Structure formats: C-alpha cells, structure tokens
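Geometric and topological summary
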Amino acid sequence: MKYLFLIFILYSFDVEAQVKKPVSIILDTDIGPDYDDVGAVAVLHALADKGEARPLAIMASNKNELVGPTIDILNIYFGRPDLPIGAPKGADAPDRGAVQKWPEMLVKKYPHRINATSEVPDAIELYRKILSAEPDHSVTIVTVGFLTNLANLLDSKADKYSRLSGRELIGKKVSHLVSMAGWFPKGREYNVFIDSLASAKVFLNWPTPVVYSGGEIGRQIITGKQLIADESLHSPVKDVFALCMAFSQEDHNGRMSWDETAVLTAIKGPEPYFGVQRGQIILQGGYNEWKDDAAGYEGPQSCEALQQNGLADAGSTADQ
C-alpha cells in the first residue's frame, strides 16, 4: 500500500487560520516501559497551555496497573484533572512495567484519584464516544506506543455513540494519524514489534493520512538535562527524568526523544523541525522497510516519514 507522509499538502488550508486554531488531539501512549512518554505528555500539556492544542483524551495502550495512575498524576499536575483516560481491556493487551520503577515512585509521591489502570474506561468505547462528538475530519491522533488500541478501534462495531463501524468512524472524524513507529529506511522498532499484528492491521488499513516519526528521528534529539538542572522546579516530569537518567550511563546527558518528536509534529507540523519523504512502508513481522515513492498515493490513505533537518534544539520543548 502506498502512502503520503506530508499530510498537510492534501488539503486546502488557510495557513494563518490553521496556526491560530488549536489542534484537537488524542494521545495514545504505552507510558511505562520508557520514560520519553512522560516527556510527550509534558509537551502535549505545554502546547495546550499555549493555545496550540486541545487535548481530548489520553489513551493507554499498556494495561499495566500503574499506567492509569501515572497519567492521572500528570494530568493533575498540569491542571487538567478531568482530561479523560482510557485503557485496553482485552486479555491480550500488552502489560509492560518500567525497569527503573519510576511509576512506583510517582504514585508514592504525587496525588492521584485513579489507583489502578483497570479503573479507567475502555479505550475503544472512549475513542468512539469522543470521535462521534467531534466535527468531521477534525481530530488528530498521535500514537507513541503500541498500536493495540487503534487496531481494536478499526475492528469496532456500531454502538450507542455511532452507527458507523470503526473504520468508517475514523475516516469520517480523524484528520490524520501521527505515529512514533518504525525505523527508516529499515529496522526493528519497539512499538511495532511488541504487537506486530496490530501494527500491520493499522498501517495497512488506516483510512486517513499517516505520518511516521521513526526511531532514527528521536534518537538524535536529547532532552532532560536542562530539566533536572532547574533547582527551582518541583514536578513529576523532573523527578522521572532525574531518576531514570541516573539509572543508565547511556542517559547521563539526557534521554532520546522518540515520543516528544511525534507529539511536536502532530501539533505544530513537521516544519521547520523535520523534512518529509513520501513512500511506502513494508512490514514483515516486527520489522519494517521503506520504499521511496515521490508520486505517493493521492488519496485518503497516504503516508509520509519524517526526515531530520539538523535542528539541534528541535526537542527543547520538553525541557521547558
């Protein structure tokens, strides 16, 4: 299947109006196995504070019981305690904790109203509820974790919120999908191979444009050092980065910003941070390859991959 990565050229937008209008966005995260997800949530809230984003929900693609409380802690800290949270309910949904035990640290230190991920609503029901209430082609979904929820959303049936199938509802309500997934031009990336069947279903059947922020993008952008150096700041984001950066010599100067770059792109667009390349993603199990295709696919199912533009400070939002 062919895709077009630079989704913004597919529509006739008034650029000035688009800049002023906040992006209605749902963040889907596996928050827990890595801590760049915490940075991604911070970027989402920071850009919402600036009026650039309108968060609709944060969905967990990881059913680990500390994921729900972790998201709740961050939402409370950033002043959005009522931002909806969803999580997968299926027996086969991934369950991944953090080797550094930073979620355990957060729930002991910070206030939260959710005590376990099993307490939050089903992600698919929440997706359908939110999407059905939004204007057509208005919602951006950014996934920085497993594709489990989105595969299940594609398969979902008509319900009390909408008589449309999942694929029809996505096609009607979603503007585009931004996914931190894959390694380009080829490789094996964590979010893709953990639930490789879900990844294949989403990337082959998603009915709107897709933008991939590959592993090679976030690897080149390091965040966290400025954050933990700020002695006046007391926050769960700082505490997580401080704990985890000290845990690994690799992260001594900061963590690679895979998830932050995807959220940044979803809200602000690729430029001036990144270039884009049209082409075709090819999946083989948990592995992917990329085939350039300048013509792309001029239709709703289009796909693009980000390319590094060499901006050393592109990820600095997460440090603010």
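The structure this text deals with has already been given above.
Residues numbered from 1 in each chain as written. Predicted model: local features only at pLDDT ≥ 70, side-chain atom pairs only at ≥ 80, totals over all residues. Heavy atoms only, no water.

Glancing now at the overall build of the protein chain. If you tally the helices and strands in the protein chain, you get 13 helices and 12 strands. Long-range pairs, those at least 24 residues apart, make up 84% of the contacts in the protein chain with a sequence separation of at least 6. Accessible area of the protein chain: about 13400 Å², with a carbon and sulfur share of 52%. (Helix = DSSP H or I, 4+ residues; strand = E, 2+ residues; numbered from the N terminus. Contact = heavy atoms within 4.5 Å. Areas by Shrake-Rupley, 256 points an atom, 1.4 Å probe, with all protein chains shown as cover.)

Right, let's talk about unusual backbone geometry for a bit. Here the amide bond leading from Phe184 into Pro185 is cis, since omega sits at 15°, within 30 degrees of zero. Relative to the assigned elements, Pro185 resides in the loop between β5 (174-179) and β6 (186-188). That bond from Glu271 to Pro272 is cis: its omega, 5°, falls within 30 degrees of zero. Here Pro272 is to be found in the loop between α13 (258-268) and β10 (274-284). Unusually for a residue other than glycine, Lys101 sits at a positive phi of about 60°. Among the secondary structure elements, Lys101 is positioned in the loop between β3 (85-86) and α4 (102-109). What makes Lys101 partly exposed here is its relative accessible area of 48%. (Buried < 20%, exposed > 50% of the residue type's maximum accessible area, 1.4 Å probe, protein only.)

For the second largest pocket, the calculated volume is near 230 Å³. Asp34, Glu189, Tyr190, Asn191 and Trp258 are the residues nearest the centre of the second largest pocket, which is lined by 16 residues in total. If you list the elements that add at least two residues to the lining of the second largest pocket, you get α2 (36-49), α8 (190-194) and α13. With 3 residues, the top contributor of residues to the lining of the second largest pocket is α8. A class-by-class count of the residues in the lining of the second largest pocket yields 7 nonpolar, 2 polar and 7 charged. (1 Å grid on protein atoms, 1.4 Å probe; cavity = no way out; pocket = protein on both sides within 12 Å on 5 of 7 lines; lining within 4 Å. Points joined across faces, edges and corners; volume = space filled by probe spheres on them. Nonpolar A, V, L, I, M, F, W, Y, C, P; charged D, E, K, R; others polar.)

The tally for this structure, following the rule as stated, stands at 8 aromatic pairs. Geometrically, the ring pair formed by Phe203 and Tyr212 is edge-to-face, given 4.8 Å between the ring centres and 75° between the ring planes. Like Phe203, the residue Tyr212 is buried in the burial classification. When the centroid spacing of 6.3 Å and the interplanar angle of 50° are considered together, the rings of Tyr273 and Phe274 count as tilted. (Phe/Tyr/Trp six-rings, centres within 6.5 Å; stacked < 30°, edge-to-face > 60°.)

So, on to helix α3 (residues 67-77). In terms of residue burial, α3 counts as a mostly covered element, since 9 of its 11 residues are buried. By the burial criterion, the buried members of α3 are Val67, Gly68, Pro69, Thr70, Ile71, Asp72, Ile73, Leu74 and Asn75. If you follow the buried residues of α3, they end up packed against β1 (23-29), α2, β2 (53-60), β3, α4 and α12 (236-247). After α3 finishes, the residue Gly79 shows a positive phi value of roughly 85°.

For the rest of this paragraph, the subject is the pairing of β10. Strand direction decides the pairing type here: β10 and strand β11 (residues 287-292), joined by 6 bridges, are antiparallel. Within the sheet, the bridge partner assigned to Ile281 lies in β11 and is Trp290. Hairpin connection from β10 to β11: 2 residues lie between these consecutive antiparallel strands, with Gly285 at a positive phi of about 65°. (Pairing = 2+ DSSP bridges.)

Turning our attention to the side chain of Thr261. With respect to the secondary-structure elements, Thr261 resides in helix α13. With residues near it in sequence (within four places) discarded, Thr261 still touches Ser213, Ile217, Gly218, Ile221 and Phe274.

The biggest cluster of nonpolar side chains holds 52 residues, and the ones touching the most others in it are Ile25, Leu27, Ile31, Trp102, Val142 and Val263. No other element matches α2, which puts 8 residues into this core. In this view, Leu27 contacts Val41, Leu44, Ala57, Ile58, Met59, Val142, Val144 and Val263; residues no more than four positions away in its chain are not counted. Listed in part, the 33 residues of the second largest apolar core include Ala57, Ala123, Leu131 and Leu177. (Core = buried A, V, L, I, M, F, W, Y, C linked by side-chain atoms within 4.5 Å.)

Here Ser257 is to be found in the loop between β9 (255-256) and α13. A polar atom in the side chain of Ser257 sits 2.8 Å from the backbone oxygen of Ile221. For Ser257, the side chain forms a polar contact with the main-chain oxygen of Arg255, separated by 3.5 Å. (Polar contact = N/O pair within 3.5 Å; in protein donor to acceptor, adjacent residues only side chain to side chain.)

What follows covers the pattern of salt bridges. Scanning all chains against the criterion turns up 14 salt bridges. Where Asp34 meets Arg255, a salt bridge forms, and the shortest distance between an N and an O atom there is 3.0 Å. Residue Asp34 is located in the loop between β1 and α2, and its partner Arg255 is located in strand β9; the two are separated by 221 residues in the primary sequence. Given the relative accessible area of 15%, Asp34 is considered buried. Look at Arg255 and you get buried, because its relative accessible area is 12%. (Salt bridge = Lys/Arg side-chain N within 4 Å of Asp/Glu carboxyl O.)

Attention now goes to the environment of Thr29. As for its position among the elements, Thr29 is in strand β1. For Thr29, a relative accessible area of 1% translates into the label buried. The spatial distance from the C-alpha of Thr29 to the C-alpha of Ala60 is 5.0 Å, given a sequence separation of 31 residues. With residues up to four places along the chain from it excluded, the contact list for Thr29 reads Asp37, Ile58, Met59, Ala60, Ser61, Asn62, Ile71, Val144 and Gly145. Side-chain polar atoms of Thr29 contact the backbone nitrogen of Ile31, separated by 3.0 Å.

Remember that the coordinates give geometry; whether it matters functionally is a separate question.
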